[in-house]
Amino acid sequence: MLSVKTPEEVLEIINKEFDFSMQPEEVSIFEASGRVLAEPVISEENVPTFNRSTVDGYALAASDTFGCSDSIPALMNVKGQVLMGEDGADIRLGIGECAYVPTGGAIPEGADAVVMIEYVEDYKDGTVGIQKPIAPGGNIIFKGDDVFPGKEVLPKGRLLNSADIGALAALGILKVTVSPRPLVGIISTGDELVDIDETPKDGQIRDVNSAMLSAFIQEAGGSARMYGIVQDDEAILRAALEKALDECDMVLISGGSSVGTKDATCRIIEEKGEILLHGIAMKPGKPTILGKADGKPVFGLPGHPVAAFFVSRLFVSAMLRKMLGQTSALRTVSAQISEAVSANHGRAQYMGVTLSEKEGRTIASPVHTKSGLITSLAGTDGFFCIDRDCEGLSAGSEIQIITF
Ligand code: AMP
Ligand code: MG
């Protein structure tokens, strides 16, 4: 008997039934993009480390500019020029004095604002005329404005991107503590499967899932270990699962997950541990198994590559996120669907889309995978779900796309 769960129930099971505690590791920031922080990053420094100008202009006391205008400029003596990379400490400004400061330059003592060069007339005799008043603090970013010691710069669970790495570099942080990459064992089962480098005879097909799932695991932050093609033979499959369970943090078996007599996956997972679910109310992807053996997740994925693809995108990825402690949100965009799609079978239905821009709007064109072949999903940009209680969508409806 299949104990069928809704997609929401599956996510709950993943959340409740598994508890992972993997030893974090330290990596260089040059290798940290795409990794997940196992600890928050707390700054020990100020950013910026000194008061800096955000414009090219003249540093001065803002009070010297009050009441000035185009017609009555404030006359100021130019005391000097701050050079890039220097601290400007040799310049001290008094009343009626200013100094030229380039963008990013240090603010000399006595100044509390910088007037943009556009509002300054240079009389070429060591004096300038300020034509627009400025408030104290104007055009200055003060020491510690952006980051200060003790401030959390990046939270635990963050999937690091290049902007994050740039922030770490600015703070002088060379190493970060990240979650280890979970090792995921991948097994393909089916008497009809042949290796990718073989030419299938009639009745045979190439093993698509090993390569596809391996790519997906790597995209999702894990490492994949391949256990090859296994015949529809209980003893051989059992041996492969035992080896994979021994060596890996999670195991994916694709094929043989429905209830046919030759479909041994469920029996074998049950022997090693327990079955948490058998069947998900989704299309494609119904014959999916999730079990637990030695505390490790074992997925029995549908052999159908398109189904295996959606199940891994939705649920294997949720498991990996949990293993990694990843909290960053999934990437979604809203788009208008280009055509009507029907759905009335009481199961959540997933469809791939290609995205395009038209008159400033994002248009999602659904890909019809009538053939159910993975080649129809090649080139798609994301997918969306039609809820099980929705009868279909009319053209132009707003939908949420999960992007790849
Ligand atoms: P199964 O889940 O074993 O009943 O397989 C369902 C369909 O998926 C069958 O048409 C299989 O030939 C196909 N299939 C199973 N495993 C793979 C695989 N690794 N690569 C490509 N197709 C597969
Ligand atoms: Mg099979």
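Note that the structure is predicted; figures quoted are calculated from it, not measured. (Residues numbered from 1 in each chain as written. Chains lettered and ligands numbered in written order. Predicted model: local features only at pLDDT ≥ 70, side-chain atom pairs only at ≥ 80, totals over all residues. Heavy atoms only, no water.)

1. Focus on helix α6 (residues 305-324)
Side chains that are three or four residues apart share a direction in an α-helix, a result of its 3.6 residues per turn.
At step 1: By the largest-angle criterion, Ser312 marks the main kink of α6, which is about 45°.
At step 2: The buried count for α6 comes to 19 of 20 residues, which makes it a mostly enclosed element.
At step 3: Gly325 occupies a position one or two residues after α6 and carries a positive phi of about 70°. (Bend = angle between axes of the 7 residues up to and from the residue. Helix = DSSP H or I, 4+ residues; strand = E, 2+ residues; numbered from the N terminus. Buried < 20%, exposed > 50% of the residue type's maximum accessible area, 1.4 Å probe, protein only.)

2. Focus on the environment of Tyr119
At step 1: Summarising the element assignment, Tyr119 is placed in the loop between β7 (113-116) and β8 (120-122).
At step 2: For Tyr119, a relative accessible area of 33% translates into the label partly exposed.
At step 3: Distance from Tyr119 to Ser69, taken between C-alpha atoms, is 9.3 Å for residues 50 residues apart in sequence.

3. Description of the site of ligand 1
At step 1: Neighbouring ligand 1 are 14 residues; Glu192, Asp207, Val208, Gly256 and Gly303 lie closest to it.
At step 2: Between a nitrogen atom of ligand 1 and a side-chain N or O atom of Asp207, the distance comes to 2.8 Å.
At step 3: One nitrogen or oxygen atom from the main chain of Val208 is found 2.9 Å from a nitrogen atom belonging to ligand 1.
At step 4: Look at ligand 1: alone it shows 490 Å² of surface, and the protein chains cover 75% of it.
At step 5: Broken down by class, the residue content of the shell around ligand 1 amounts to 4 nonpolar, 7 polar and 3 charged. (Near = heavy atom within 4 Å. Polar contact = N/O pair within 3.5 Å; in protein donor to acceptor, adjacent residues only side chain to side chain. Areas by Shrake-Rupley, 256 points an atom, 1.4 Å probe, with all protein chains shown as cover. Nonpolar A, V, L, I, M, F, W, Y, C, P; charged D, E, K, R; others polar.)

4. Brief notes about the packing of aromatic side chains
At step 1: Under the counting rule described, the total for this entry stands at 8 aromatic pairs.
At step 2: Ring geometry for Phe310 versus Phe383: centroids 5.3 Å apart, planes at 70°, classification edge-to-face. Pair noted here: Phe310 is in helix α6 and Phe383 is in strand β26 (residues 382-386), with a separation of 73 residues, a long-range link. With respect to class, Phe310 is no different from Phe383; both count as buried.
At step 3: An aromatic cluster is built from Phe309, Phe310, Tyr350, Phe383 and Phe404, whose rings are joined through pairwise contacts.
At step 4: Over the aromatic face of Tyr119 sits the side chain of Lys132, whose NZ or CZ is 4.5 Å from the ring centroid.
At step 5: Looking at Lys292, its charged tip hangs above the ring of Phe18, at a distance of 5.5 Å from the centre. (Phe/Tyr/Trp six-rings, centres within 6.5 Å; stacked < 30°, edge-to-face > 60°. Lys NZ or Arg CZ within 6 Å of the ring centre and 35° of its normal.)

5. Some remarks on the packing of helix α4 (residues 234-247) against helix α5 (residues 265-272)
At step 1: Where α4 meets α5, the axes come as close as 10 Å, and the angle between the chain directions of the two elements is 45°. Relative to α5, α4 is oriented oblique. Crossing of α4 against α5: the hand is right-handed. In this structure, α4 uses Glu234, Leu237, Arg238, Leu241, Glu242 and Leu245 to contact α5, whose residues at the interface are Thr265, Arg267, Ile268, Ile269, Glu271 and Lys272.
At step 2: Its residues assigned to classes, the contact of α4 with α5 comprises 5 nonpolar, 1 polar and 6 charged. (Axes fitted to C-alpha atoms, helices over the stretch in contact; angles between N-to-C directions. Parallel < 35°, antiparallel > 145°, perpendicular 65-115°, else oblique. Left-handed = near helix turned anticlockwise from the far one by under 90°. Contact = heavy atoms within 4.5 Å.)

6. Overview of the nonpolar core
Buried together is how nonpolar side chains tend to be arranged in soluble globular proteins.
At step 1: Judged by nonpolar contacts, the single largest core of 36 residues is most densely connected at Met250, Leu252, Met282, Leu290, Phe299 and Phe315.
At step 2: Of all the secondary structure elements, the ones that give two or more residues to this core are α1 (7-17), β13 (183-189), α3 (209-219), β17 (250-254), β18 (274-278), β21 (296-301), α6 and β24 (348-358).
At step 3: Element by element, the count of residues in this core is highest for α6, at 12 residues.
At step 4: In this structure, this core is formed jointly by two domains, domain 1 (7-22 + 180-324) and domain 4 (332-403), each of which donates at least three residues.
At step 5: Residues contacting Phe315, with those up to four places away along its chain left out, are Pro7, Val10, Leu11, Ile14, Ile280, Met282 and Phe299.
At step 6: Counting 19 residues, the second largest nonpolar core, distinct from the first, contains Ile187, Ile268, Ala293 and Val298. (Core = buried A, V, L, I, M, F, W, Y, C linked by side-chain atoms within 4.5 Å. Domains from an automatic or database assignment.)

7. Thoughts on the domain arrangement of the protein chain
At step 1: Domains assigned within the protein chain are domain 1 (7-22 + 180-324), domain 2 (25-47 + 145-178), domain 3 (52-141) and domain 4 (332-403).
At step 2: Its C-alpha centre places domain 2 at a distance of 36 Å from the equivalent point of domain 4.

8. Remarks on the sheet that holds β7
At step 1: Read across the sheet, 6 strands follow the order β7-β4-β6-β5-β9-β8 without closing on themselves; strand pairing throughout is mixed. In this open sheet, the two edge strands, each paired with only one partner strand, are β7 and β8. Shown here is a sheet whose adjacent strand axes are inclined to one another by a mean of 40°, direction ignored.
At step 2: Looking at chain direction, β8 and strand β9 (residues 127-130) are connected through 3 bridges and run antiparallel. Note on β9: the bridge partner recorded for Val120 is Ile130. (Pairing = 2+ DSSP bridges.)

9. What to know about the sheet that holds β17
At step 1: The sheet built from 6 strands is open, its strands ordered β16-β13-β17-β21-β20-β18 with mixed pairing. Of all strands in the sheet, those with a lone pairing partner are β16 (223-230) and β18, marking the two edges. Averaged over all adjacent pairs, the angle separating strand axes in this sheet is 20°, with direction ignored.
At step 2: In the sheet, β17 pairs with β21 via 4 bridges, with the strands oriented parallel. Residue pairing for β21: Leu252 is matched across the bridge by Phe299.
At step 3: Contacts from α1 reach β18 and β20 (289-293) within the one sheet, and its direction differs from that of β18 by about 160°.
At step 4: Contacts from α6 reach β13, β17, β20 and β21 within the one sheet, and its direction differs from that of β21 by about 175°.

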